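This is what each chain is made of:
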Amino acid sequence: MIRKLLFSAAGLMAVQILVAQPTFPVDGVADKNHNYKAFTNVRIQVDPETVIEKGTLLVKDGLVVDAAASVALPPGTVVYDLSGKTIYPGLIDAYTSYGMPEVKRAPGERGPQYETKTRGAYSWNQALKPETEAYRLFAVNDKSADELRNAGFTSVMTFQRDGIARGSATVVALNTAPEQTVILKDRAAACLSFDRGTSTQEYPSSLMGAIALLRQSYLDAAWYKTTTDKKEYNISIEAWNNNASLPQIFETSNKLNTLRADKIGDEFKVQYIFKGSGTEYQRIDEIKATNGKFILPLNFPMAYDVEDPFEANLVSYADLKHWEFAPLNPAALEQNGITFALTTSDLRDKKEFWKNLRKAVQYGLTEKTALKALTVVPAQMLGISDKAGALKKGMIASFIITSGNLFNDKTVIFETWVQGKQYVVNEMSPLDVRGTYDMKAGDKAYTLKIAGEAEKPKGNLMKGDSAKEAVSISRIGNSVTLSFTPKGDDGVIRLNGNFDPAAKKITGRGQLADGTWIDWNASQTAVFIAEVAKPDTARPEIPSLKDVPYPFNAYGKPKEDPNLIEKLKNRYDAVLIKDVTVWTNEADGVLADKDVYITEGRIVSIGDNITPTKGVFAKVIDGKGKHLTAGIIDEHSHIAVNGDVNEGSQVSSAEVRIGDVVNCDDINIYRQLAGGVTAAQLLHGSSNPIGGQSALIKLRWGKAPEEMKIAGADGFIKFALGENVKQSNWGDDYNIRFPQSRMGVEQVYYDQFTRAREYDELMKNWKTLNAKVKQPIPMPRRDLDLEALAEILNNKRFITCHSYVQSEVNMLMHVADSMNFRVNTFTHILEGYKVADKMKAHGVAASSFSDWWAYKMEVMDATPYNGALLHNAGIVTGFNSDDAEMARRLNQEAAKAVKYGNVPEPEAMKFVTLNPAIMLHLDKRMGSIKVGKEGDVVLWNDNPLSVYAKVEKTLVDGIVYYDAEDDAKMREEIRKERARLIQKMIAEKNGGAPTQRPRAKQPREQHCDTMSDDYMMED
């Protein structure tokens, strides 16, 4: 048995020697220390599940030889007695750019750049850099490594943090050894994001463009891999496919972007690891449903300096709430069974890491899960669990030595060992110079008191009965330096001496302010006795996940807990509105004193003396003297969109989808509910002739983005004519993108639809041929841009076109007729009255402004009578907002059709209800009050076309989403909650915590022509 053990040990040593053989020649005398090192009498946290209370860790040549309660030490072993100390596995940061070259944006030339400037057989888009390999770029950086080592990290994943496809990451040890010896895994993961980074190329100029670019890239990679008719060699696509077998890490800047990334992953059967943002708790159910693992930052926001009441008003309610909730984020994921690692990424200062992590533990994160998130979890994510994350035989000897439990505020990290190399963070046994001393400096006598912490002493000096003078004290080893300015003196006295711990005496020399050298000494007369701090019995206010409002904004509400009986009182299965004047928008017209019964999201009865179905709990609303209309539908809206409403970088952006970037947290949703809006078409802007695909939503305040979308709705797309698309007012630099004239716009449509028709025929032929053969034929390359246009040709997607001038309106109808498709709606259409007959013949609807005119050259001929004239010509006519503020008063916009043109009131009301529903092909479901239609209705306190009319209740799917009475209560609750949070922040500041100054964050209201320089700004 002994022989076997000896043989095994010899074998292990042989393997270690073989592994350690370098490829670099030795120039001179080789100096390699192969001693064993033993750390004895120490508490060893082998892994998060295993602890040896008093054991020995034996290491050699950078590897763990053994970790056990008793270990036989080979002769010559260097022994470190660590009685009272604890050893933890070295921590792993799964998301850094350590050792990477600085990312710099190339100086841009004047004017836009539409094509890539990356030379070589690379991607067509500069933001796609899958060929980047971090291990080829990596260089040891001792200063950056020291920051991380001081926090206990011994290895990190690192990559080039630039672009949408960022290439592969590498895992390295935080050793100062040559790069060849610290790379633990060359290609550990593929990294992606929505941020185009340093790319100077125009596309993508929006978040939805970044999403479309990723989708097209996945499709191109799949086609490139399978096609037998390859006509190009593409380095980037080759790298993309090579990276597909690696773990895929997707960086997201907020919780909604995580859901967007997950949707891409689901489409292409990729399960991402998400680098989170710290806001995951705000949509925890949806985050859990991604089934993804996370890498979480601990970037908790500082409190705001809110002592100035006017500056305090600059801080949004959401920011106040996030400050309080942010430390709950890791616990929220743990409580929901979501696996995660932790990272120092996004921290202002790496020194904040442990403070924030301990705060997260205070907020409910368990210590075991926290340790897993720093060791075994990142090791598993990165495929290095055989090397790192624990202290087991054969694993890398990377560990930290601490004074005790890592998660205790008073715990000190003494040393970090990386691959068996020691890095001292704090002295393990610092000399304690604290105490009271009789001090003589030259011919002067003082009383010196040294207090504070042993590692960071603080001093005071007294001469006789004089007041205390502060003394600056520093200590390195047994060398002590003092500097002070005695009262009445002009300069600083500087002294240095050596501390004799046995004699408790400091002796040395120093200089007076005038440069005179003096001898000095200090003899301890009393030992330092630390004041015992009174235990803090005050329990901090720690929020719960149950308190999270949905959406995370003012006027959001916590999700109902079905276990709380008092909340059940507010639940209902049906709504019965009694004795109300009903504007039906049907042949019945306006009905007086009727009951309307809604259940299961639909209108089930309209009549007299209706009673709720037996066994159904109905919310009964008194409608006496009030008016009930169908919910207002805004056919042209730009609210609730993240990351820019325009993808204006290409002449056609039919591949982008507003539905990918719906922002369910936009306060305009709630505000418009207060104005009676229940549904809207969220349109792409008008920066190019062919814009992006629309999103049709209901204003279900508090729901997630996907839940807001109208299921089963037809697909729509935005086209545009006029000044915007030919870049008339974009400035002198924007003169190179075709088209630059109205004639060019027409040519764009012909060209794009000709290509779309050819593409459609190619795909149809492939499907027909593939159905006839036994061996499947590879699919032709999918083109998302042409695919959307082909849907128009196949009557599966419908056009809403931004338009003003009659000549262009005629032009697009002519293009449509000749290419065999139909324009669904002209929006704006302020010269529509001039071509109403032709519009009628084409079968196009008109979604106009009520009374906008003369705000730019191409609307000089606009008239407020336009709506009435179009309506009288038999065209389905509606009024839209194109503006977040106007959408709150669309009922008053409808009333203008009565003022200008004497449109009958019931018909005018249809301009913002039934007629937009017809335009959006939703009139069988909404737009009027009719049995069988969806329960989207609005209760007004007056005639809805009156300027005095106010919304009392807005129902969507039979659920009250806005209630004027509840709104008044919520305003008071919000006022009190703001006050509570402000007082809590002031207390934090008074307790010495750092603060940040409030800054105004003006929400950006988007319009047709809204474009920004950086679509990630909103994040």
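Definitions and limits used
Residues numbered from 1 in each chain as written. Predicted model: local features only at pLDDT ≥ 70, side-chain atom pairs only at ≥ 80, totals over all residues. Heavy atoms only, no water. Helix = DSSP H or I, 4+ residues; strand = E, 2+ residues; numbered from the N terminus. Buried < 20%, exposed > 50% of the residue type's maximum accessible area, 1.4 Å probe, protein only. Contact = heavy atoms within 4.5 Å. Lys, Arg positive; Asp, Glu negative; His and termini not counted. Charge placed at Lys NZ, Arg CZ, Asp CG, Glu CD. Core = buried A, V, L, I, M, F, W, Y, C linked by side-chain atoms within 4.5 Å. pLDDT = per-residue confidence, 0-100. Pairing = 2+ DSSP bridges. Axes fitted to C-alpha atoms, helices over the stretch in contact; angles between N-to-C directions. Phe/Tyr/Trp six-rings, centres within 6.5 Å; stacked < 30°, edge-to-face > 60°. Polar contact = N/O pair within 3.5 Å; in protein donor to acceptor, adjacent residues only side chain to side chain.

### Let's talk about the overall build of the chain
Here is step 1 of the chain: For the chain, the helix and strand inventory stands at 26 helices and 45 strands.
Here is step 2 of the chain: By its C-alpha atoms, the chain is 105 × 75 × 65 Å across when sized along the principal axes.
Here is step 3 of the chain: Burial status across the chain gives 54% buried among its 1019 residues.
Here is step 4 of the chain: Contacts spanning at least 24 positions in sequence make up 67% of the contacts within the chain whose residues lie at least 6 apart.
Here is step 5 of the chain: Charged side chains of the chain number 125 positive and 132 negative; the gap between the two group centres comes to 4 Å.

### A look at the nonpolar core
Here is step 1 of the chain: By size, the foremost hydrophobic cluster in this structure holds 156 residues, and its most contacted members are M157, F194, W354, L357, L382 and L682.
Here is step 2 of the chain: Of all the elements, helix α5 (residues 207-226) adds the most residues to this core, at 11 residues.
Here is step 3 of the chain: Beyond its immediate chain neighbours, meaning those up to four positions away, L682 contacts S637, I639, A640, V641, I658, V662, S694, A695 and I697.
Here is step 4 of the chain: Counting 38 residues, the second largest nonpolar core, distinct from the first, contains L721, Y759, V823 and V844.

### Let's talk about the confidence of the model for the chain
Here is step 1 of the chain: Counting all residues, the mean pLDDT for the chain is 93, and 95% of those residues have values of 70 or more.
Here is step 2 of the chain: Confidence drops under pLDDT 50 across residues 1-19; counting only partners more than four residues distant or on other chains, this segment forms 7 contacts.
Here is step 3 of the chain: The low-confidence segment residues 564-569, where pLDDT is below 50, has 5 contacts with residues more than four positions distant or belonging to other chains.

### A short note on the sheet that holds strand β12 (residues 293-297)
Here is step 1 of the chain: An order of β6-β7-β8-β9-β10-β11-β12-β14 is seen for the 8 strands of this open sheet, with the pairing classed as mixed. With partners counted over all chains shown, the strands left at the sheet margins are β6 (91-96) and β14 (340-343), one partner each. Put simply, the sheet's adjacent strands are angled 25° from each other on average, direction ignored.
Here is step 2 of the chain: Here strand β8 (residues 165-173) runs beside strand β9 (residues 183-192); their pairing, made up of 5 bridges, is antiparallel. Bridge pairing links A169 to A189 in β9.

### Some thoughts on the packing of aromatic side chains
Here is step 1 of the chain: Counting across every chain of the model gives 34 aromatic pairs.
Here is step 2 of the chain: Seen in terms of ring centroids, Y446 and F484 are 5.7 Å apart; in terms of plane orientation they differ by 75°. Their pairing is edge-to-face. Of this pair, Y446 sits in strand β19 (residues 444-452) while F484 sits in strand β22 (residues 479-484), and the two are 38 residues apart along the sequence.
Here is step 3 of the chain: An aromatic cluster is defined as three or more aromatic residues linked by ring pairs; in this entry it consists of F194, F250, Y272, F274 and F294.

### Section: the sheet that holds β22
Here is step 1 of the chain: Pairing is antiparallel around the closed barrel formed by 8 strands, whose spatial order is β18-β19-β20-β21-β22-β23-β24-β25. Averaged over neighbouring strand pairs, the angle between their axes works out to 30° when direction is ignored.
Here is step 2 of the chain: Note that strand β18 (residues 435-441) and strand β25 (residues 517-527) share 7 bridges and pair antiparallel. Paired with D438 across the bridge in β25 is S523.

### Observations concerning helix α23 (residues 890-899)
Here is step 1 of the chain: Within α23, the full set of buried residues consists of L890, N891, E893, A894, A895 and A897.
Here is step 2 of the chain: Buried residues along α23 sit against β33 (632-637), β41 (877-879), α24 (905-910) and β42 (937-940).
Here is step 3 of the chain: In the segment just after α23, G901 is the residue with positive phi, at about 115°.

### Comments concerning the side chain of R260
Here is step 1 of the chain: With respect to the helices, strands and loops of the structure, R260 is situated in helix α7 (residues 255-267).
Here is step 2 of the chain: Using a relative accessible area of 6% as the deciding quantity, one classes R260 as buried.
Here is step 3 of the chain: Looking at R260, its side chain comes within polar contact range of the side chain of N642, at 2.8 Å.
Here is step 4 of the chain: Within polar-contact distance, the side chain of R260 engages the backbone oxygen of V662 at 2.9 Å.
Here is step 5 of the chain: R260 has contacts with F194, L207, I211, N254, N642, D660, V661, V662 and N663, leaving out every residue within four places of it along the chain.

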